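So you can see what is in the structure, the chains are spelled out below.
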Amino acid sequence: AHLDRTAQVDGAVHSYLHVGPEAALAAAADIDRRRAAGEKLHDLAGLPIAVKDNLTTTDAPTTSGSKILEGWIPQYDATVVKKLRAAGMPILGKTNLDEFAMGSSTEFSAYGPSKNPWDLSRIPGGSGGGSSSVVASFQAPLAIGSDTGGSIRYPAFVTGTVGTKPTYGAVSRYGLVALASSLDQIGPVSRNVLDAALLQDVIAGHDPHDSTSLPESLGSMTEAAKKLDVKGMRIGVIKQLTGEGFQPEVSARFNESIELLKNAGAEIVEVSCPSFEYAIAAYYLILPAEASSNLAKFDSVRFGMRVTPEGSPTIERVMAATREAGFGPEVKRRIILGTYALSSGYYDAYYGAAQKVRTLIQRDFDAAFAKADVLVSPTAPTTAFKLGEKLEDPLAMYLNDIATIPANLAGIPGMAIPNGIAENNMPSGIQLLAPARADARLYQVGAALE
Ligand code: GLN
């Protein structure tokens, strides 16, 4: 049914870079066989899923939205992909993203943008706009995303879906095409909080292949999502992420959510995080710095594309020609920014200063979590904008990330859930944040609020 739906709508929505009907149907038939034979299967066995195209898969190409990886079929499955297969979840296909997950709209995908199913003239968010739109357009009940600065939560916000960025280290990054290794985290996209909990429970857990993977289990998200009780919980409204700068209708829906939490017995407090003012500036130094290093491996020798220039093709000239042709403008912009920020004369002034801001943001969170169990804000300042609206203005695109970036800088978990329709008929949403390792709190509050 989901493949039929894709045949009907994906020409217009463009959620997928690759659809794999044969592999998905074969996996589904295998589950049917095993079930008929009386085998005890995982609760989600047989439920299909879409996977962001920056996770490696041995039976499908992995492009990460870039021309430089066109046609590359990895030799190994990402740990998350292995876990989905082990649970018996057929993989429908690979979803679109901004090139190397750099962006907020999917407009930086080398393969053309995805559209917002609510209004095809608007963006589905980014970088994981393929994973949000595939769920919002009913082409898949669940999807996997990755979140470095909001790429799960922001697409969820603009498409009326649920998206979680787990605690850094809760889900293995092995097999994720790295953007910024200290910020990247893989997580679920779904249509409700319980579905996201079920999926996080499938993909989480220690992995010896990822040295930053947490050794301990964070408990059952599914159990937390079933509590449906927020009595006595302290909910902290982040002063710097409300009010000024946020679209009035986004703020109106946010205030309604706060009222609902209050009526359900939660205690509402205000918290202040003064260093958030510098979060975007710090993020857009740290991310390009790490990305410039991570993307150095695309050298024309090891992966995908190779361009051989005329004349005498030395290795340097082949490398330069390949990277010139293979990378898009946003990727080049960030590589240049990152190598500049890391260069010896400027390291202390830019990268060093940004790392100090990162510590201040972590301290702001520590102080806020001393007063509240869960923090809340609107997920982003405005509902989905029009395709093309911010394409020529990188700074305007970056400013969108104000509410989502702090969680990545601090390594804490965050969840975006829909909280109604704004006056412009587009979905709005609320973000919940919890201390590191307390992901279960997000599912408890999120499911109760939903
Ligand atoms: N908008 C952010 C960026 O462009 C989001 C990136 C992400 O989470 N992958 O960096």
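Residues numbered from 1 in each chain as written. Predicted model: local features only at pLDDT ≥ 70, side-chain atom pairs only at ≥ 80, totals over all residues.

Participant: Please explain the overall build of the chain as it appears in this structure.
Facilitator: Within the chain one finds 15 helices and 11 strands. Whereas a compact globule of 450 residues would reach a radius of gyration of roughly 22 Å, the chain reaches 21 Å, a difference of no more than 12%. By sequence separation, contacts in the chain at least 24 residues apart represent 75% of the contacts at least 6 residues apart. (Helix = DSSP H or I, 4+ residues; strand = E, 2+ residues; numbered from the N terminus. Rg over C-alpha atoms; globule rule 2.2 N^0.38 Å. Contact = placed C-beta atoms within 7 Å.)

Participant: I keep staring at the sheet that holds strand β3 (residues 91-95) and nothing clicks. Help me out?
Facilitator: Sheet strands pair by backbone hydrogen bonding; their relative direction is either parallel or antiparallel. Taking strand neighbours across the sheet as the criterion, the 11 strands line up as β1-β3-β2-β4-β6-β5-β10-β11-β9-β7-β8 in an open arrangement whose pairing is mixed. Each end of this open sheet is capped by a strand with a single partner; those strands are β1 (16-19) and β8 (267-271). Each adjacent strand pair in this sheet contributes to an overall mean axis angle of 30°, direction not counted. In this structure, strand β5 (residues 162-165) lies alongside strand β6 (residues 186-190), joined through two bridges in antiparallel fashion. Opposite Gly163, over in β6, you have Val189 as the bridge partner. (Pairing = 2+ DSSP bridges. Axes fitted to C-alpha atoms, helices over the stretch in contact; angles between N-to-C directions.)

Participant: Got a minute to help me understand the site of the ligand in this structure?
Facilitator: Neighbouring the ligand are 13 residues, the closest being Ala101, Ser104, Thr148, Gly149 and Ser151. A breakdown of the residues in the shell around the ligand according to their chemical character gives four nonpolar, seven polar and two charged. (Near = placed C-beta within 6 Å. Nonpolar A, V, L, I, M, F, W, Y, C, P; charged D, E, K, R; others polar.)

Participant: Sorry, what's going on with the confidence of the model for the chain here?
Facilitator: In low-pLDDT segments, the atomic positions of the prediction should not be examined closely. With 100% of its residues at a pLDDT of 70 or more, the chain shows a mean pLDDT of 97. Mean pLDDT across the elements of the chain ranges from a minimum in helix α13 (residues 394-399), with 90, to a maximum in strand β2 (residues 49-52), with 99. (pLDDT = per-residue confidence, 0-100.)

Participant: Sorry, what's going on with the UniProt feature "active site" (unreviewed entry) in the chain here?
Facilitator: Sequence positions flagged by UniProt for "active site" (unreviewed entry) are, in local numbering, Lys52, Ser127 and Ser151. These annotated residues cover 100 residues of sequence, and their C-alpha atoms all fall within 10.8 Å of one another, placing them together at a single site. Summarising the element assignment, Lys52 is placed in strand β2. Lys52 gets classed as buried once you count the C-beta atoms within 10 Å, which come to 31. Tracing the backbone shows Ser151 in the loop between β4 (143-146) and α5 (153-159). The exposure class of Ser151 is buried, given the 36 C-beta atoms found within 10 Å. Those residues within four positions of Ser151 in sequence are excluded, and the remaining contacts are Ala101, Gly126, Ser127, Gly128, Gly145 and Ser146. (UniProt positions renumbered as here; feature names shortened; annotations may be inferred. Buried ≥ 20, exposed ≤ 12 C-beta atoms within 10 Å, placed from the backbone.)

Participant: Mind showing me how you'd approach the pairing of β4 here?
Facilitator: In the case of a regular strand, side chains alternate between the two sheet surfaces. Judged by which residues are buried, β4 turns out to be covered on both faces: Ala143 and Gly145 on one side and Ile144 and Ser146 on the other are all buried. Across two bridges, the pairing between β2 and β4 is parallel. Note that in β4 the partner of Val51 across the bridge is Ile144.

Participant: Can you help me understand the nonpolar core in this one?
Facilitator: It is characteristic of soluble globular proteins that their nonpolar side chains tend to be buried jointly. In terms of nonpolar packing, the biggest core is built from 131 residues, with Ile49, Val80, Ala143, Leu285, Val374, Leu432 and Tyr443 touching the most fellow members. Contact partners of Leu432, with chain neighbours within four places excluded, come to Val374, Val376, Gly414, Met415, Leu442, Val445 and Gly446. (Core = buried A, V, L, I, M, F, W, Y, C linked by C-beta atoms within 7 Å.)

Participant: Whenever I open this one, the packing of helix α9 (residues 279-294) against helix α11 (residues 329-342) confuses me. Can you help?
Facilitator: Angle between the axes and distance between the axes are the two parameters that describe a pair of packed helices. Contact pair α9 / α11: the axes reach a minimum separation of 7 Å and the direction vectors enclose 100°. Overall, the two elements α9 and α11 adopt an arrangement that is roughly perpendicular. For the pair formed by α9 and α11, the contact residues are Leu285, Pro288, Ala289, Ala291 and Ser292 on the first element and Arg334, Ile335, Leu337, Gly338, Thr339, Ala341 and Leu342 on the second. Here the residues of the contact of α9 with α11 are counted per class, giving eight nonpolar, three polar and one charged. (Parallel < 35°, antiparallel > 145°, perpendicular 65-115°, else oblique.)

Participant: Would you take a moment to explain helix α6 (residues 193-203) for this structure?
Facilitator: Every α-helical turn comprises 3.6 residues, leaving residues that sit three or four positions apart pointing alike. Here α6 lies mainly inside the structure; 10 of its 11 residues are buried. Within α6 the residues assigned to the buried category are Val193, Asp195, Ala196, Ala197, Leu198, Leu199, Gln200, Asp201, Val202 and Ile203. Here the buried face of α6 lies against α3 (79-86), β5, β6, α7 (221-225), β10 (414-421) and α15 (439-449).

Participant: In this structure, what is going on with the environment of Val318? I would like to understand it.
Facilitator: Considering the arrangement of structural elements, one finds Val318 in helix α10 (residues 315-326). Along the chain, Val318 and Asp299 lie 19 residues apart, while their C-alpha atoms are 8.6 Å from each other. Beyond its immediate chain neighbours, meaning those up to four positions away, Val318 contacts Ser300, Arg306, Val307, Thr308 and Pro313.

Participant: Even after reading the chapter, I still don't get the environment of Ala196, so can you show me in this structure?
Facilitator: Take Ala196: it is sitting in helix α6. Sequence spacing of Ala196 and Thr164 is 32 residues, and the spatial spacing of their C-alpha atoms is 7.4 Å. Each residue touching Ala196, except ones within four places of it in the same chain, is listed here: Val162, Thr164, Pro188 and Ser190.

Participant: Looking at this model, I keep getting lost on the packing of α9 against helix α12 (residues 348-371). Mind explaining?
Facilitator: Where α9 contacts α12, the axes come no closer than 9 Å and their chain directions differ by 125°. Comparing their axes, α12 and α9 come out oblique. Here α9 and α12 pass one another in a crossing that is left-handed. Here Ala279, Ala282, Leu285, Ile286 and Ala289 of α9 lie close against α12, whose contacting residues are Tyr350, Tyr351, Ala354, Val357, Arg358 and Ile361. (Left-handed = near helix turned anticlockwise from the far one by under 90°.)

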